[in-house]
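Breakdown of the fold
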Amino acid sequence: MTHRELIRRRRAGALLALAAILLLVLGALHGRGTGQGEARARQTQGATPAPRLSTVEAGALVHRAESYAIDRIRAYTPAVVQGGRRGDEVALTFDDGPGPYSLRLLAVLERLHVPATFFEVGSQERWFSAATLAQLRAGDVVGDHTETHPMMARLSAHDQHEELLEQIYRIQALGGPTPRLFRPPYGSFDKTTLHQLHHLHLLMILWSTDTEDYRRPGVETIVRRALAGAHPGAIILMHDAGGDRSQTIAALPAIIRGLRRRGLHPVTVPRLLLDDPPPPGQPIPKSLAGG
């Protein structure tokens with residue numbers, strides 16, 4: 001068995017386990033307060049066990065649960081900076097790809113069995129779609145980072161809509177699921193952006209920790225910044241494109257080891273939002289540039 005096959009098998013096992021948990025939860029919710037759950041349990045005693053879910057079926061169930069979690073959060077806020085603080089999960093996120101370093105960065109994540117969320121620029125798919133396809137095959141999440149990486153707050157409503165929609169079309173054309181998450185380039189957005197996100201059923205994902213790895217400050221600095229901002233629910237910002245990302249790639253093993261030593265487990269953003277969503281009542285984040 002190759003290393004990649006081992007990774008896929010382990011991820012498939014994790015999906016099946018989560019699917020089983022979700023089925024139990026959904027069954028309990030369906031029968032709560034009516035006695036149906038208890039009656040159903042009595043009826044099925046001694047019956048033939050239900051067939052086991054395939055990896056594809058389990059993955060689809062998890063995707064639906066995560067999508068439902070995103071919609072629940074969209075009902076009370078258009079944007080989040082981090083998840084809740086009650087769990088032990090963090091989300092590693094990477095912007096501006098796909099690019100020439102994306103496959104190398106993905107190889108490190110796969111070797112360390114770490115899922116991630118990539119916010120991708122649609123126009124980059126012309127040259128580097130192989131990286132996006134590899135991310136999708138690995139079970140990572142691809143979000144919307146616009147088509148051409150503009151300052152959204154400087155654009156008209158029409159142009160903002162096109163920037164969001166064209167990137168979505170690119171991912172759909174590759175066979176990927178329709179993006180549900182959006183990250184604004186430069187942190188720039190305005191009321192028009194929020195209106196467009198609502199129309200396209202997108203949740204804006206900002207970040208609680210910025211490593212500023214795009215400045216290439218050195219491997220040790222990137223590691224230190226990532227771990228300094230690591231806490232339950234943290235969303236950590238890094239980049240896999242937009243320049244030389246060799247420092248980010250070199251920093252990843254130390255970041256992941258540091259997170260695990262603290263008992264923190266890297267997950268995708270949708271999984272973080274499913275397991276430990278941010279509580280309602282948080283202030284809507286402000287644009288970091290031009291809005």
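All figures in this text were calculated on a predicted structure; none of them were measured in a lab. (Residues numbered from 1 in each chain as written. Predicted model: local features only at pLDDT ≥ 70, side-chain atom pairs only at ≥ 80, totals over all residues. Heavy atoms only, no water.)

Right, let's talk about the nonpolar core for a bit. Leu 181 and Ile 205 are the most contacted members of the largest nonpolar core, which has 28 residues in total. Of all the secondary-structure elements, those providing two or more residues to this core are α3 (55-74), β1 (79-80), α6 (157-173), β5 (181-182), β6 (203-205), β8 (235-239) and α10 (269-275). In this structure, Ile 205 is in contact with Val 80, Phe 119, Leu 181, Phe 182, Arg 183, Pro 184, Ile 235, Val 269 and Leu 273, ignoring residues within four places of it in sequence. (Core = buried A, V, L, I, M, F, W, Y, C linked by side-chain atoms within 4.5 Å. Buried < 20%, exposed > 50% of the residue type's maximum accessible area, 1.4 Å probe, protein only. Helix = DSSP H or I, 4+ residues; strand = E, 2+ residues; numbered from the N terminus. Contact = heavy atoms within 4.5 Å.)

Across the interface, helix α8 (residues 219-228) lies against helix α9 (residues 246-261) with an axial gap of 8 Å and an inter-helix angle of 40°. Between α8 and α9, the angle is such that the two are oblique. Our pair here, α8 against α9, has a crossing hand that is right-handed. Residue-level inspection shows Val 219, Ile 222, Val 223, Ala 226 and Leu 227 of α8 in contact with α9, the latter providing Gln 247, Thr 248, Ala 250, Ala 251, Ala 254, Ile 255, Gly 258 and Leu 259. (Axes fitted to C-alpha atoms, helices over the stretch in contact; angles between N-to-C directions. Parallel < 35°, antiparallel > 145°, perpendicular 65-115°, else oblique. Left-handed = near helix turned anticlockwise from the far one by under 90°.)

What follows concerns the environment of His 231. Relative to the helices and strands, His 231 resides in the loop between α8 and β8. Of the polar contacts made by the side chain of His 231, one reaches the side chain of Arg 85; its length is 3.2 Å. (Polar contact = N/O pair within 3.5 Å; in protein donor to acceptor, adjacent residues only side chain to side chain.)

Now for α6. With 17 residues, α6 ought to run about 24 Å at 1.5 Å a step, and its terminal C-alpha atoms sit 24 Å apart, in line with that. Downstream of α6 by one or two residues, Gly 175 has phi in the positive range, about 90°. (Expected span 1.5 Å × (residues − 1).)

Our next topic: helix α4 (residues 102-111). The periodicity of an α-helix, 3.6 residues per turn, causes residues three or four positions apart to be oriented the same way. Taken as a whole, α4 has its buried residues at Ser 102, Leu 105, Leu 106, Val 108, Leu 109 and Glu 110. Backbone geometry just downstream of α4 places His 113 in the positive-phi region, at approximately 60°.

Before going further, it helps to examine the pattern of salt bridges. When charged atoms on two side chains of opposite charge get close, those side chains can pair. A complete count under the given rule lists 8 salt bridges for this structure. Close ionic contact of Arg 86 with Asp 276 constitutes a salt bridge, the shortest N to O distance being 3.3 Å. With a gap of 190 residues between them, Arg 86 in the loop between β1 and β2 (89-97) and Asp 276 in the segment after α10 connect regions that are remote in the sequence. In this structure Asp 276 comes out as buried when scored by relative accessible area, which is 5%. A salt bridge links Arg 183 to Asp 95; its shortest N-O distance comes to 2.9 Å. Taken together, the residues Arg 183 in the loop between β5 and α7 (191-199) and Asp 95 in strand β2 connect sequence positions 88 residues apart. Owing to a relative accessible area of 0%, Arg 183 belongs among the buried residues under this scheme. Of the residues examined, Asp 95 reaches a relative accessible area of 4% and is grouped as buried. Counted as one network, the salt bridges with shared partners bring together Asp 71, Arg 74 and Arg 180. (Salt bridge = Lys/Arg side-chain N within 4 Å of Asp/Glu carboxyl O.)

Our focus in this paragraph is the pairing of strand β3 (residues 117-120). Burial along β3 is two-sided: the residues Thr 117 and Phe 119 and Phe 118 and Glu 120 are all buried. The sheet contact formed by β2 and β3 spans 4 bridges and is parallel. The residue of β3 that forms the bridge with Asp 95 is Phe 119. For the crossover that starts at β2, traverses α4 and ends in the parallel β3, the hand is right-handed. Where β3 and strand β4 (residues 141-144) come together, 4 bridges link them in parallel fashion. Note that in β4 the partner of Thr 117 across the bridge is Val 141. (Pairing = 2+ DSSP bridges. Right-handed = clockwise from strand over helix to strand, strands pointing away.)

Attention now moves to a positive patch on the surface. On the surface, a cluster of positive charge is contributed by Arg 111, Arg 257, Arg 261 and Arg 262. In this fold, Arg 111 is placed in helix α4. We classify Arg 111 as partly exposed; its relative accessible area is 44%. (Patch = residues over 30% accessible without salt bridge, like charges linked within 9 Å, V, L, I, M, F, W, Y side chains within 5 Å. Areas by Shrake-Rupley, 256 points an atom, 1.4 Å probe, with all protein chains shown as cover. Lys, Arg positive; Asp, Glu negative; His and termini not counted. Charge placed at Lys NZ, Arg CZ, Asp CG, Glu CD.)

With their axes 9 Å apart at the nearest point, α4 and α9 run at an angle of 10° to one another. The angle between α4 and α9 places the two elements in the roughly parallel class. Contact residues: Arg 104, Leu 105, Val 108, Leu 109 and Arg 111 in α4; Ser 246, Thr 248, Ile 249, Leu 252, Pro 253 and Ile 256 in α9. Looking at side-chain class alone, the contact of α4 with α9 contains 7 nonpolar, 2 polar and 2 charged residues. (Nonpolar A, V, L, I, M, F, W, Y, C, P; charged D, E, K, R; others polar.)

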